[in-house]
Structure formats: C-alpha cells, structure tokens
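# Remarks on the overall topology
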Amino acid sequence: MSSIGPVPMPVVVILLGALLAMVVAHLWPRRKGEATPPSAASMVLDMLLIGLLCGRISFVVLNFGLYRQAPWSILQIADGGYHLVVVLAAGLLWGLWRLRPWRVLRVPMLAGALLGVTFWAGGSHLLAVWQQQRMPLPAVQVVDLQGRSIDLQQFRGAPVVLNLWASWCGPCRREMPVLAAAQQAHTGVQFVFLNQGETADEVREFIAAERLALGNLLLDDSASASTALGVQAYPSTLFFDKDGRLRELHLGELTAAGLEHKLRRLR
C-alpha cells in the first residue's frame, strides 16, 4: 500500500501520531481544584507545527542554492524537505517554553508528544519494512519508443529512480526538467521514466515540445507498474536500492532540493 486515496502512507502515519498525542494530552487526568489551563491537545498541535516550520526553514537555508533557480518551489512543502532533528528539537523547546506558567500541563503534554513521536517512529519503520518486502522493483514487461520489449528487472544492480508519469499531468510536466537534470548529474543512479497509458506518438510529441533529453524513457500502455505497486496518483517517484528494494516513495511533484535530499539517502 503506497497511499490511502491521494494521501501518502508516511503522511498518514504522521497524522495518526499527531492525533494520538493530542488525544493523550487531552484525556490525561488532572487533580480537582486546578485552574483551567489552555488546551493541552492544541499545544501539542502547536509543537508539531512549530517544529515543522523550523525544520523546513533550516532545510531551505542549507539548500538555498537548489531553490535559487525556482524560488517558488520553497512553498512546495510536500517535497519532503525537512530536517528531522530540527523538527523534534524546535517542537520540544517551544513546548518547554510555552509550559513555563502551566506546570500542570507538563506531564500530559510531554507524555502525549513522546507517545506520538514513538508511534510515528515505529509506524514509519514498520511501513518501510513492509514496503521493502511487498513493493520491490516490479517484474513487468514494458517497451521503449522503438517498440522493443524491456523488463524492469534488468535495471537491478544499481540504485533506481522509477518515475511514473503522464503528459496530461501538470505536476509531472513541471518536475520533468528537475528529474532530467538529476539524471545527467547522477550517472551512478538509473533513472527510469515510465509513461503510464499513453502512446509512443503522444510521448514523442511531449518530449519534443518540452525539449527534454531523457534516458530510459519507456512506455507502459496498460499501467501495469502502477497496478503492481498500488500507485493511485501521478507523478509518483519510487527510489529502489541496487537489490530492487523500495527505499522511499514520493507521491506528487519533486523539487530539485527535495530530489537531491532523497538521492543522498539512497546511496
């Protein structure tokens, strides 16, 4: 399973962890006669939002060179560009500062946050293990633009970035130059551009109009790869290690910085 509808599973795990933290903080028993403090659940949510904001800012600052060509892409928060350590540290520090006048909230709020982070970490690990076992590089037959049959398994032996796309998909069109540039820069990684459900003529027309130079441009007219991988939205970019095990799945448009971050973790 790669998603629930259009929502990627890693995002689902984060949301469930945040919800669990808020519920624990809200239901934590309090002694009678205590003054009514602010909502512990809302403070846990604030910790998450502050942490994500700081984690995003730190990532953008350290990778600003990659954002300089397209500054608007800074706002594409779904590209995965966050520093986890900064997210956790900023959220915790803000929570401790906010709790100064409310000692009674310290235990429920920190307990809820700890349980939420533990759930997220454990859930993310289990999801990664499940995806590695159940979503390997698919053994499907596709064709190149000359009509020659290609088995995706032939790309095993080196890291693979498998991009599932279609020319009618706006985000696919926008991210294609980013992926094309990365293919030129990372020769040790095999980028495979697998079109879903379109004809060779449609793909040729798109490539010519966009003036793209792509290696491993393949056609999957029956979208068999999407079916095998359980992908329900485009673009979807899957990162496999040299043994064909899935290391990361990204649903939606990738920025240059987000892609570089994922490629570093693939090695």
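Quick notes on the rules
Residues numbered from 1 in each chain as written. Predicted model: local features only at pLDDT ≥ 70, side-chain atom pairs only at ≥ 80, totals over all residues. Heavy atoms only, no water. Salt bridge = Lys/Arg side-chain N within 4 Å of Asp/Glu carboxyl O. Helix = DSSP H or I, 4+ residues; strand = E, 2+ residues; numbered from the N terminus. Buried < 20%, exposed > 50% of the residue type's maximum accessible area, 1.4 Å probe, protein only. Pairing = 2+ DSSP bridges. Axes fitted to C-alpha atoms, helices over the stretch in contact; angles between N-to-C directions. Contact = heavy atoms within 4.5 Å.

### Topic: the pattern of salt bridges
Once their charged atoms are close, side chains differing in charge can pair, the charge on each being opposite to the other. Using the criterion set out here, one finds 10 salt bridges in the structure. R173 is paired through a salt bridge with E210; the nearest N and O atoms lie 3.1 Å apart. On the criterion of sequence distance, the pair formed by R173 in helix α6 (residues 170-185) and E210 in helix α7 (residues 200-210) is long-range, its members being 37 residues apart. Using a relative accessible area of 34% as the deciding quantity, one classes R173 as partly exposed. In this structure E210 comes out as partly exposed when scored by relative accessible area, which is 35%. Across the salt bridge formed by K262 and E248, the nearest N and O atoms sit 2.7 Å from each other. Of this pair, K262 sits in helix α9 (residues 256-266) while E248 sits in strand β9 (residues 246-251), placing them 14 residues apart in sequence. The exposure class assigned to E248 is buried, which follows from its relative accessible area of 17%. By sharing partners, the salt bridges in this structure join D241, K242, D243, R245 and R247 into a single network.

### Some thoughts on the sheet that holds strand β8 (residues 236-240)
Read across the open sheet, the seven strands follow the order β4-β3-β7-β6-β5-β8-β9; overall the sheet is mixed. On the outer flanks of this sheet lie β4 (149-151) and β9, each paired with one strand and no other. Going across the sheet, the axis of each strand differs from the next one's by a mean of 30°, ignoring polarity. Along the sheet face, α7 touches β5 (160-165), β6 (190-196) and β7 (217-220) and points at about 145° away from the line of β7.

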